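As a plain string of letters, each chain reads:
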Amino acid sequence: MTLDALFDIEKELDKLPNSPGVYIMRSETGAILYVGKAVNLHNRVRQYFRSGHGHNNSPKIVKMVSQIASFEYIITSSELEALVLECNLIKEHRPKYNTLMTDDKGYPYIRVTVEEAYPRIFMVHQMHRDRSRYFGPYTDRAAVKDIVTLLRKLYKLRHCNKKLPEQAMKERPCLYHQIGECSGPCNMLISEEDYRKNINKAIDFLNGNYKDTLKELNELMKEQASQLDFEKAAKTRDLIESINHIMSKQRITDAGGDDRDIIALAGNETDHVISIFFVRDGQLIGRENHHMSCDSSDTPESVTSDFIKQFYSGTPYIPKEIISEYDIEEAALVEDFLSERSGHRVKLIKPQKGEKMKLLQLAKDNASLVLSQDIERIKRREKRTIGATMEIAELLGIEKASRMEAFDISNISGYLSVASMVVFENGEPKKNAYRKFRLRTVSGPDDYASMKEVLSRRFTDDKIGELPDVLMMDGGKGQVNVAEMVLDSLGLDIPVCGMVKDDNHRTRGLYFKNEELTFKRGSEAMHMITALQDETHRFAIEYHKNLRSKEQVHSVLDDIPGIGPKRRKALMQHFQSLEAIKAASLEELAAVPEIPENAAKEIYSFFH
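Residues numbered from 1 in each chain as written. Predicted model: local features only at pLDDT ≥ 70, side-chain atom pairs only at ≥ 80, totals over all residues. Heavy atoms only, no water.

A look at the sheet that holds strand β5 (residues 109-112)
- Spatial strand order, β6-β5-β7: three strands in an open sheet with antiparallel pairing. At either margin of the open sheet sits one strand with a lone partner, and together these are β6 (121-124) and β7 (133-135). Across the sheet, the mean angle separating the axes of adjacent strands is 30 degrees when strand polarity is ignored.
- Each of β5 and β6 is contacted by helix α6 (residues 141-155), which is oriented at about 165 degrees to β6, the strand it contacts most. (Pairing = 2+ DSSP bridges. Helix = DSSP H or I, 4+ residues; strand = E, 2+ residues; numbered from the N terminus. Axes fitted to C-alpha atoms, helices over the stretch in contact; angles between N-to-C directions. Contact = heavy atoms within 4.5 Å.)

This is the structure:
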């Protein structure tokens, strides 16, 4: 029986409350067609099913309404709360008839841990609300890596993760200190005050004040050359060239020192491209282009509004100003939403003249260029990624396959059994979600028992959190049965597939609900599953190989109770060889200063 036979739309429309909230339109299979918000659910939802209302004249809406078999709604306490919920639901379910961003991305930041006694500087992919200082977001990851490397080298900043000064003086300075690229705070070779001066110079550099640094380096290079120290002068010259190369990728504006994003739209009857320019401290640090899937009846104002809500509901940083050429729908409400998310007041601005208008025109030119030149490439990428996940979901008859997790076991005759977990989100690898497992309870080459342990650990680990839309097993019926048994025992309802290969070891289909489903030859779904299976296998083999390499440098001394790295090193320095240690008497072993009597007895009894 279909859902529409159980759901009387007219009766349900009469039950709608006169309250703000979010409504969800579903098809007869239960798939989510559309998510919207309303100040008054009773009035808004009824409009979809009544003729003569302006918004349902859109061909897209007419088509969507013809497919609605049921709807549901969630009451909220305010329109702002409804907007937040709407954004979250659209991002999670990606409904067919909502205007969607098709290439959601994240951006790197530079983090300076100013809260530490000896701060560090490195690239991160998320900005947290802690006491560190963040710079970005940047769109050129390679440039971010270059900047971090340059600043560490230029100001001799530490690379290590040691907690200083608590962990100072425990080891000799690292290689970076020995080659002159670290000031050695781990051994107290620089005072906290002097190190802080270097960090402040790095922060000034990130704020765009690098001309003083260039001036100092030029003077230093001339001094080194005058003293005929050409080797040092050449290194200083290389630093100067690195700075000029990196900063040439940045464009300085005179639009003030504020943070702002500039959003421009270019579109035709079938496609829209949004260009967003990032300005930080008055500096244009980069740009991104996003393809919006929408309908010819969608207005530029509505497309831009949808983009702003979706984009800023996911990005960790929201600037104080967002500039657009169009009036944003429900601007005051959107400003409140963005201000609440960012923790500071955010303004939506439509400029008329001046520097902001120049930047907006630059963004518009960029969007038009992308629309004319790159839209087919963007659409092909979308088809390979999101399109492939939709094909897989349709093949399996499930609502979505946005997040897929795949598992594989790797061992050699049961030796060093390990497992890999690989995650694809929206058709692309999400490498920060990958996991490695070393088997704890299984000995020998038992892949089924190994998979049972791995899946049990994965789905009881609160740190992993997010559940997949579908589970992909590298194997057939046996592996699928093991996975389903584990999920049933944990009360989880997640579709499980086996990735099946042919005699030539090529992916040919999916084993699902006791049936093998085959792909259309050359389909994007087949390419996606092949990539997922290969990546899962590669990740497991690589982990197993790394563990074998570590085992090869494992010393037999490590197997003796009470003998750690320091005592092992002391024994080797004293006796010079393992054979000499084996032949040593108890008294000779106890004569080593670092070896107490009880440890000497353990060593002697181990070899005798």
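Let's talk about the packing of aromatic side chains
- A complete count under the given rule lists eight aromatic pairs for this structure.
- Summarising the aromatic geometry, the rings of phenylalanine 49 and phenylalanine 71 are spaced 6.3 Å apart at their centres and angled 35 degrees between planes, so their arrangement reads as tilted. With phenylalanine 49 in the loop between α3 (41-47) and α4 (59-67) and phenylalanine 71 in strand β3 (residues 70-75), this residue pair connects regions lying 22 residues apart in the sequence.
- Each ring, one from phenylalanine 307 and one from phenylalanine 311, has its centre 5.3 Å from the other, and the planes form 15 degrees; the classification is stacked. Here the residue phenylalanine 307 and the residue phenylalanine 311 both occupy positions in helix α11 (residues 300-312), the gap between them amounting to four residues, near one helical turn. No difference in accessibility class separates phenylalanine 307 from phenylalanine 311, as the two residues are buried. (Phe/Tyr/Trp six-rings, centres within 6.5 Å; stacked < 30°, edge-to-face > 60°. Buried < 20%, exposed > 50% of the residue type's maximum accessible area, 1.4 Å probe, protein only.)

Describing the pattern of salt bridges
- Tallied over the entire structure, the rule returns 31 salt bridges.
- When the shortest N-O distance is used, the salt bridge between glutamate 115 and arginine 111 registers 3.6 Å.
- The partly exposed category is assigned to glutamate 115, whose relative accessible area is 29%.
- Residue classification places arginine 111 among the buried residues on the basis of a relative accessible area of 19%.
- We note a salt bridge from aspartate 238 to arginine 237, for which the minimum N-O separation is 3.1 Å.
- Salt bridges linked by common partners bring Arg403, Glu405, Glu425, Lys430, Arg458 and Glu466 together as one network. (Salt bridge = Lys/Arg side-chain N within 4 Å of Asp/Glu carboxyl O.)

Regarding the layout of surface pockets
- The volume enclosed by the second largest pocket comes to roughly 1300 Å³.
- In this structure, the second largest pocket is lined by 39 residues; those nearest its centre are Arg94, Pro95, Lys96, Tyr97 and Met390.
- Per-element tally for the lining of the second largest pocket: the top contributor is helix α14 (residues 375-396), with eight residues.
- Each residue belonging to the lining of the second largest pocket can be placed in one class, and the counts come to twelve nonpolar, 13 polar and 14 charged. (1 Å grid on protein atoms, 1.4 Å probe; cavity = no way out; pocket = protein on both sides within 12 Å on 5 of 7 lines; lining within 4 Å. Points joined across faces, edges and corners; volume = space filled by probe spheres on them. Nonpolar A, V, L, I, M, F, W, Y, C, P; charged D, E, K, R; others polar.)

Considerations on unusual backbone geometry
- Omega for the bond connecting leucine 164 with proline 165 falls within 30 degrees of zero, at 5 degrees, which places this linkage in the cis form.
- In this fold, proline 165 is placed in the loop between α6 and α7 (175-178).
- One non-glycine residue with positive phi stands out, namely glutamate 330, at about 50 degrees.
- Mapped onto the elements of the fold, glutamate 330 is located in the loop between β12 (321-324) and α12 (331-342).

As for the pairing of β12
- Burial along β12 is two-sided: the face carrying Glu321 and Ile323 and the face carrying Ile322 and Ser324 are both buried.
- Here strand β9 (residues 260-267) pairs with β12 via four bridges, running parallel. Bridged to arginine 260 within β12 is glutamate 321.
- Bridging between β12 and strand β13 (residues 347-349) involves three bridges; their strand directions are parallel.

What to know about the packing of α6 against helix α8 (residues 192-206)
- Relative to each other, α6 and α8 sit at 145 degrees, their axes nearing to 10 Å. As α6 runs across α8, the sense of the crossing is right-handed. On the side of α6, the interface is formed by Ile147, Leu150, Leu151 and Tyr155, while α8 contributes Asn198, Lys201, Ala202, Phe205 and Leu206.
- Considering only residue class, the contact of α6 with α8 consists of seven nonpolar, one polar and one charged. (Left-handed = near helix turned anticlockwise from the far one by under 90°.)

Examining the sheet that holds strand β1 (residues 21-26)
- Taken together, the three strands give an open sheet; going across it, the order is β2-β1-β3, and neighbouring strands pair in antiparallel fashion. The sheet is open, and its two borders are formed by β2 (32-38) and β3, each paired with just one other strand. Each strand of the sheet is rotated relative to its neighbour by a mean of 20 degrees, with strand direction disregarded.
- Running over the sheet, helix α5 (residues 79-93) touches β1, β2 and β3 and is turned about 165 degrees from β2.

Describing the environment of serine 402
- Looking at the secondary structure, you find serine 402 in the loop between α14 and β14 (403-412).
- Of the residues examined, serine 402 reaches a relative accessible area of 16% and is grouped as buried.

So, the nonpolar core
- Counting 31 residues, the largest nonpolar core has Ile110, Leu151, Leu206 and Ile243 as the members making the most contacts within it.
- At the level of secondary structure, the elements contributing two or more residues to this core comprise β5, α6, α8, α9 (211-226) and α10 (230-247).
- Sort the elements by how many residues they give to this core and α6 lands first, with seven residues.
- Those residues within four positions of leucine 151 in sequence are excluded, and the remaining contacts are Ile121, Lys156, Leu157, Ala202, Phe205 and Leu206. (Core = buried A, V, L, I, M, F, W, Y, C linked by side-chain atoms within 4.5 Å.)

Describing α5
- The end-to-end C-alpha separation of α5 is 21 Å, in line with the 21 Å expected for 15 residues at 1.5 Å each.
- Of the positions making up α5, those classed as buried are Leu80, Ala82, Leu83, Glu86, Cys87, Leu89 and Ile90.
- For α5, the elements touching its buried residues are β1, β2, β3, β4 (100-101), α11 and α12.
- Looking at the residues trailing α5, positive phi occurs at arginine 94, about 45 degrees. (Expected span 1.5 Å × (residues − 1).)

Topic: the packing of helix α15 (residues 447-458) against helix α16 (residues 477-489)
- Contact geometry for α15 and α16: axes closest at 9 Å, N-to-C directions at 35 degrees. Crossing geometry of α15 relative to α16 is assigned as right-handed. Only Gly478, Gln479, Val482, Ala483, Met485 and Val486 of α16 make contact with α15, whose side of the interface consists of Asp447, Tyr448, Met451, Lys452, Leu455 and Ser456.
- The residue inventory of the contact of α15 with α16, partitioned by class, reads seven nonpolar, three polar and two charged.

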